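# A structural walkthrough
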There are 2 protein chains.
Amino acid sequence: MLGRIVIENVRPRTLTGRHPAKATAGMPLRITADIFRDGHDHLGARVRWRRAGDKQWTDVAMTSEPNDVWAAEIVPAHVGPHQFAVEAWTDRLDTWRHDVQAKAAAGQQIELELEEGARIVDDAATRVPKNERAAAAAIATAIRNGDFHAADRFDAPPEPVDLTKTATYDLWVDRTRAQVGAWYELFPRSEGGFKGATDRLDDIVRMGFDVVYFPPIHPIGTTFRKGRNNTLGALPDDPGSPWAIGGEDGGHLDVEPTLGTIEDFDRLVRRAHELGVEVALDYALQCSPDHPWVTEHPEWFHHRPDGTIKYAENPPKKYQDIYPINFWPADDGDRQALWDACEEILRYWIGHGVKIFRVDNPHTKPFAFWEWVIDRIHADHPDVLFLAEAFTRPKVMAKLAEIGFTQSYTYFTWRTGRDELREYVEELAHGPLADYMRPNFWPNTPDILSGPLRNGPPSAFALRLVLAATLTPNYGIYSGYERGENQPASDTNEEYLFSEKYEIKHRDWDEDPGVLTPLITRVNAIRRRHRCFDELSNIRFHHTNNADLLAYSKHTPDFRDVVLTIVNLDAVYPQEDTIWVDLGALQIPWDHPFEAHDELSGVTYTWRGGDQYVRLDPAQQPAHVLHLRPLRSA
Amino acid sequence: MLGRIVIENVRPRTLTGRHPAKATAGMPLRITADIFRDGHDHLGARVRWRRAGDKQWTDVAMTSEPNDVWAAEIVPAHVGPHQFAVEAWTDRLDTWRHDVQAKAAAGQQIELELEEGARIVDDAATRVPKNERAAAAAIATAIRNGDFHAADRFDAPPEPVDLTKTATYDLWVDRTRAQVGAWYELFPRSEGGFKGATDRLDDIVRMGFDVVYFPPIHPIGTTFRKGRNNTLGALPDDPGSPWAIGGEDGGHLDVEPTLGTIEDFDRLVRRAHELGVEVALDYALQCSPDHPWVTEHPEWFHHRPDGTIKYAENPPKKYQDIYPINFWPADDGDRQALWDACEEILRYWIGHGVKIFRVDNPHTKPFAFWEWVIDRIHADHPDVLFLAEAFTRPKVMAKLAEIGFTQSYTYFTWRTGRDELREYVEELAHGPLADYMRPNFWPNTPDILSGPLRNGPPSAFALRLVLAATLTPNYGIYSGYERGENQPASDTNEEYLFSEKYEIKHRDWDEDPGVLTPLITRVNAIRRRHRCFDELSNIRFHHTNNADLLAYSKHTPDFRDVVLTIVNLDAVYPQEDTIWVDLGALQIPWDHPFEAHDELSGVTYTWRGGDQYVRLDPAQQPAHVLHLRPLRSA
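Fair warning: this is a prediction, and the values are worked out from it, not measured in the lab.

Cut-offs used in this document
Residues numbered from 1 in each chain as written. Chains lettered and ligands numbered in written order. Predicted model: local features only at pLDDT ≥ 70, side-chain atom pairs only at ≥ 80, totals over all residues. Heavy atoms only, no water. Buried < 20%, exposed > 50% of the residue type's maximum accessible area, 1.4 Å probe, protein only. Helix = DSSP H or I, 4+ residues; strand = E, 2+ residues; numbered from the N terminus. Pairing = 2+ DSSP bridges. Right-handed = clockwise from strand over helix to strand, strands pointing away. Axes fitted to C-alpha atoms, helices over the stretch in contact; angles between N-to-C directions. Expected span 1.5 Å × (residues − 1). Arc of directions from axis to C-beta. Salt bridge = Lys/Arg side-chain N within 4 Å of Asp/Glu carboxyl O. Contact = heavy atoms within 4.5 Å. Polar contact = N/O pair within 3.5 Å; in protein donor to acceptor, adjacent residues only side chain to side chain. Disulfide = S-S within 2.5 Å. Buried area = accessible area lost by both parts, 1.4 Å probe. Nonpolar A, V, L, I, M, F, W, Y, C, P; charged D, E, K, R; others polar. Phe/Tyr/Trp six-rings, centres within 6.5 Å; stacked < 30°, edge-to-face > 60°. Lys NZ or Arg CZ within 6 Å of the ring centre and 35° of its normal. Least-squares fit on C-alpha atoms with pLDDT ≥ 70 in both.

A word on the pairing of strand β13 (residues 278–283) of chain B. All names here are of chain B. Taken across its six residues, β13 has five buried, putting it largely inside the fold. With four bridges connecting them, strand β12 (residues 211–214) and β13 associate as parallel partners. Following the sheet pairing, Val-211 is matched in β13 by Glu-278. The parallel pair β12 and β13 is bridged by helix α6 (residues 262–275), and the resulting crossover is right-handed. Taken together, the four bridges between β13 and strand β18 (residues 356–360) define a ladder with parallel strand orientation. Residue pairing across strands places Leu-281 opposite Phe-357, the latter belonging to β18.

Have a look at this one:
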């Protein structure tokens, strides 16, 4: 039977509620629930939470908001599994307080009410610590003597009347880097292997990146190796795609010899650690025909009626250089051995200091495998992060996030218009996904050169960089972005011409450090200076009449750090508008002047009111990133 | 562990999924689910459903829609509890069909593919009925011989590969009147009691109403009886509020003697039945101080420290003529006796032919009580309907609908602007509530005279009538509406001046049948003529530039009946606009002329294209109700 009080729609939670929602250590987490009962009695409510395994719960009082929503904030300190629950009860004392005040204000008799209130306090007094009982008794006496305001001095413990508890909800707490990070992707082979990549770390750190991510560093197969521009029939010096993993030099537990040795890799990781940047590796579960698993474990692959192993295809496209792995059915002994081997790969690289994995195409492997392997790794290493490279359908992406992935690539790459950007970011920031899917915005990847970047001017790269870096706390770019590399494979192909996936790029960074490097450096510095960029849910879009201008703000919970970003989405023409900033939402008085300091240009404006004229010329700057501060009154 | 295939977000369902969603016998019900798996293999899916207690399930194939949604339609024939579940599997044959066609079209070799396809058919053949096996074998042979299109002729049974089933979902199926009905509320005492009300039935039927609802017909208390205009100190001939139930002539199982006898009531119900209109009664669980329960069961009421029974109040307001009942805690013996007595009231009136109850203030009694009593009544009388009069917070209203109420009063009464009407109806028609809450729109009730009706002209009553009757399948008006009774109690009070709740109204219907009666009659006739008005989910709003015009269409699933309604929300001034009708959504060609026949005025227009000029003068007609029909090409 239903209880008297209803508690439902508890958040954060995942879509099905069968997996933990996500939080970040050291960052506030808002917990909400719909709580109500029949009638007009007042309620009390609290959140109880703890680290999994702890005996003690921490209680936080919830406060009531409009529409029967109750909320509390917790700040978990540790990474790993946590739990929380919500409790509510009928607050008789508060109900009485409200009623007696209304009656007294209307001049009605309240003798009986005083006795009723005193009895509620008498009852509550039996539940307070012994040393507080005398004080409680004194309050009951004061009420009986007519001083009903005495009840306001009584901090009543939760009442057992209709006490209702939810089930316990699981919560996974990640470290900060799960929530906030600037990523930089590079192919070590184009930098001269691990040693060259180690040298390049200084540049990357100088630009302000937090994570450097490498495509697979393992030996590359030669059978059906792809040549330049994804052609069949590689020439002898074509290096092949790093995703065609496995060759005579080994598989996923080995490094491609032309990159260096495992010791070189270890040195790179150590150096990165010294510089405060983290190395992320690619976790791509597929094999070239030359991978050791193909001969050692043919049972891990799909076989055709003629006994051959099935290569990857998307008919009529064929990917003969790659064998997909057969992960199913899970209850088959061969499969368990395979899953164990896949887990071993992660443990091996974790042993070499890697704590972040960018997972290639997770949507082509069973959800059950990811749930299993992430749970197992997290049991021993709760600080390991997994970025899902699932450029696929929305519900599949959401499911991968639900079952354990820390972050997800997104559709940002294809969202270029004002309204579609706004709608998409609103969905990510405020929809149900916000409880468990952390987006990572990439303007480009080695696979995707899209939108205004295709044959685009540096201003196009500038505006997409500002968008990615200021819309969401996690973003990344792929090497070459800083130089505005912009040649598409063809008018209909999203890949790069002379894609780095199939050849080594020789970029002399000393000679040409990249026209966008100063902007990238500046933007990353702004992200670090302003804590409001650590959150996604705090984003708020502001009105523009000009569809080529996108305006949005972020603020810290205390509104001490408020930044308004206005981006010109047109890479070619200047755009102007009188935008409307919702100052009320930013707790800035509409009738007092305030300072808008442009962190990109260094110019400071004095504004007053929400209607503000802006003009952005892409030849000069792609955006305003305005730190808003009320001016002290003169 | 997760299975390979995910089935989630199954609809219809209630918010928590712990109570049945609602359907209507004889009307199509759309069942949907999100269904997906990893990779690119094709899926098959079906709904299995049955009446609770039946052994056999009926299977309906689901078809795939965009964004991983799958859908099927069922049409339950009986009222009462039903069940359904969703199943999905990997459709190897369909996957193969897609791949082999793509390869053949690209001129690739498909020898191995043919063998793979033949093997899938061989395997499926073991699961078809014996007499179909030879045909299946022939298809496998044809495929082996190169005719891969042979697979198209094979109606493969669901494959056991990755077969996934959801839990069983409960579904409550109501009779038609739950879904569609025009209600008319009257106070029998103002018509001269049951006999006069019986005479009035002819008018009500002539106007086209389906349900006639009476406020409580029980004896009224005299202690603290309210006088005219809700005053304290009734005069001797003041009849009192019918909601102050119980007096020396009895309680909820008795009739107020001045209305007539129970035999008179029975005759009224029989006559209504003959005329095809149904009688609905008020189920108001509260007592006057003179109710027999007060002396027989003082334990069913709230007591104060001085031993007196607590009357109803909303401090500082007092309702001394009413004692609320104490329904809690439920596990107390007294309470069980009370709940049984409350159930007995329903069974008594069901015994007198009443199958519809309008439930007064259900939000002030525990949810658990409603769940219990509605379940018990429905177990024996699945055709009984309950309308929740819960003018309260949205989540409480939703919960009452979830736990069993058939219909709900709504906020329509206070939604008068174009955008707020649209937003509210969209929420009711397309939001999560649509699965289990059926709105009943009332422009007025004896408690509520609001918006443009307050001191409003007949045109205000006309426009609100058209809105209520054409926006949702269930609507109702309270007697006097047809005459445009419009005097509010005061500028700040929503009630009527000289409210019928506290006095008898003498309306001579022969002398003044009501200026709005012809319109009401016409609108109810239109509702009956056009089956598209039986649905809420088929509503679609169309663009108007003029905020005083609201335009919306309804259509049957086959688009054979399409009605476009355009209402002038301004009761005083003519409003005009070139509206934009989304013809594509109505399956009307934009480049061919079509007929727009105004069912209100009788005028027929020939339109072409979605941009159409309209002008509505409230002095002439409040709305266009346009039956749209493509013209046959000449």
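Now, onward.
Moving on, we get to the sheet that holds strand β12 (residues 211–214) of chain A. As summarised here, the arrangement of the eight strands in space is β11-β12-β13-β18-β19-β20-β21-β22 (chain A), forming a closed barrel in which the pairing is parallel. Shown here is a sheet whose adjacent strand axes are inclined to one another by a mean of 30°, direction ignored.

Residues and elements named next belong to chain A. The strand order β23-β24-β25-β30-β27-β28 describes an open sheet built from six strands, whose pairing is antiparallel. Each edge of the open sheet is held by one strand with a lone partner, namely β23 (540–542) and β28 (604–608). Geometrically, the sheet is characterised by an average inter-axis angle of 30° between neighbouring strands, direction not taken into account. Sheet topology places strand β25 (residues 562–568) next to strand β30 (residues 623–630); six bridges connect them, and they run antiparallel. Looking at the pairing, Thr-565 lines up with Val-625 of β30.

Here the focus is helix α3 (residues 133–144) of chain A. All names here are of chain A. Counted at 1.5 Å a residue, the expected span for α3 with its twelve residues is 16 Å, and the 17 Å between its end C-alpha atoms agrees. Within the sequence span of α3, burial applies to Ala-136, Ile-139, Ala-140, Ala-142 and Ile-143. The arc that holds the buried residues of α3, viewed along the axis, is 160°, so those residues lie on one side. Residue Gly-146 follows α3 closely and has a positive phi angle near 105°.

Here the focus is the pattern of salt bridges. Within this structure, the stated rule accounts for 118 salt bridges over all chains. Of the charged contacts in the structure, one is a salt bridge between Arg422(A) and Glu426(A), with a shortest N-O distance of 3.8 Å. On the criterion of helical spacing, the pair formed by Arg422(A) and Glu426(A) is a turn pair, its members being four residues apart in helix α11 (residues 418–430). Classification of Arg422(A) as partly exposed rests on a relative accessible area of 34%. Taking the relative accessible area as the measure of exposure, Glu426(A) reaches 26% and is therefore partly exposed. A salt bridge links Glu115(B) to Arg119(B); the nearest nitrogen and oxygen atoms lie 2.8 Å apart. Placement of the pair is Glu115(B) and Arg119(B) together in helix α2 (residues 111–125), with a separation of four residues, close to one helical turn. Residue classification places Glu115(B) among the partly exposed positions, given a relative accessible area of 22%. Among the ionic contacts, a cluster of salt bridges with common partners joins Lys103(A), Glu113(A), Glu116(A), Arg304(B), Lys310(B) and Glu313(B).

We now examine the environment of Tyr409(B). Residues and elements named next belong to chain B. Tracing the chain through its elements places Tyr-409 in strand β20 (residues 407–409). Sequence-wise, Tyr-409 and Tyr-475 are 66 residues apart; in three dimensions their C-alpha atoms are separated by 9.1 Å. Leaving out residues up to four positions away in the same chain, Tyr-409 has contacts with Tyr-213, Arg-358, Leu-387, Ala-388, Glu-389, Phe-391, Met-397, Asn-440, Trp-442 and Thr-445. Within the structure, the side chain of Tyr-409 is placed 3.3 Å from the side chain of Arg-358, a separation counted as a polar contact.

Let us look at the side chain of Arg304(A). Inspection of the secondary structure puts Arg304(A) in the loop between α7 (292–296) and β15 (312–314). Here the side chain of Arg304(A) touches Glu116(B) through a polar contact of 2.9 Å, side chain to side chain. Discounting chain neighbours no more than four positions away, the residues touching Arg304(A) are Lys310(A), Leu112(B), Glu113(B) and Glu116(B).

Take the side chain of Lys501(A) next. Within the fold, Lys501(A) resides in the loop between β22 (474–478) and α13 (517–529). In contact with Lys501(A), not counting residues within four places along its chain, are Phe187(A), Arg189(A), Gly240(A), Ser241(A), Pro242(A), Trp243(A), Pro446(A), Asp447(A) and Glu495(A).

Per the stated rule, a full pass over the model turns up zero disulfides over all chains. Between Cys287(A), a free cysteine, and Cys342(A), which holds the nearest cysteine sulfur, the sulfur-to-sulfur gap is 8.3 Å.

Taken together, the contacts link 53 residues of chain B with 53 residues of chain A. Summing both partners gives a buried area of about 4900 Å² for chain B against chain A, and 58% of it is carried by carbon and sulfur. Considering only the surface of chain B that becomes buried against chain A, Leu2(B), Pro305(B) and Lys395(B) emerge as the three largest contributors, covering 14% of it. Counting across the chain B and chain A interface gives twelve salt bridges. Listed by contribution, the elements that provide at least two residues to the side of chain B that touches chain A are β1 (5–11), β3 (29–37), α1 (92–105), α2, α9 (367–380) and α10 (394–402) of chain B. Here the side of chain B that touches chain A is composed, by residue class, of 21 nonpolar, nine polar and 23 charged.

Let us now look at the packing of aromatic side chains. In this description, an aromatic ring pair is defined by two values, namely the gap between the centres and the angle between the planes. What the rule picks out here adds up to 66 aromatic pairs over all chains. Relative to Phe405(A), the ring of Trp370(A) has its centre 5.3 Å away and its plane inclined at 65°; by these criteria the two rings are edge-to-face. Of this pair, Trp370(A) sits in helix α9 (residues 367–380) while Phe405(A) sits in the loop between α10 (394–402) and β20 (407–409), and the two are 35 residues apart along the sequence. Phe405(A) matches Trp370(A) in its accessibility class, with the two residues each being buried. Both rings, one in Phe391(B) and one in Trp414(B), keep their centres 5.5 Å apart while their planes meet at 90°; by these two values the pair is edge-to-face. Of this pair, Phe391(B) sits in the loop between β19 (385–389) and α10 while Trp414(B) sits in the loop between β20 and α11 (418–430), and the two are 23 residues apart along the sequence. Accessibility expressed as a relative area gives 23% for Phe391(B), which makes it partly exposed. Among the aromatic residues, those joined into a cluster by ring pairs are Tyr283(A), Phe327(A), Trp339(A), Phe357(A), Phe369(A), Trp370(A), Trp372(A), Phe386(A) and Phe405(A). Above the ring of Phe412(B), the side-chain terminus of Arg464(B) is found at 4.1 Å from the ring centroid.

Before going further, it helps to spend a moment on the relation of the copies chain B and chain A. With an RMSD of 0.1 Å, chain B superimposes on chain A once it is rotated by 180° and translated 0.0 Å along the axis. Such a combination of turn and shift is consistent with a two-fold rotation axis. Minimal C-alpha distance to the rotation axis in chain B is attained by Thr16(B), lying at 5.7 Å. Mapped onto chain A, 100% of the interface residues of chain B are again interface residues, and the two copies thus contact each other with one and the same surface.

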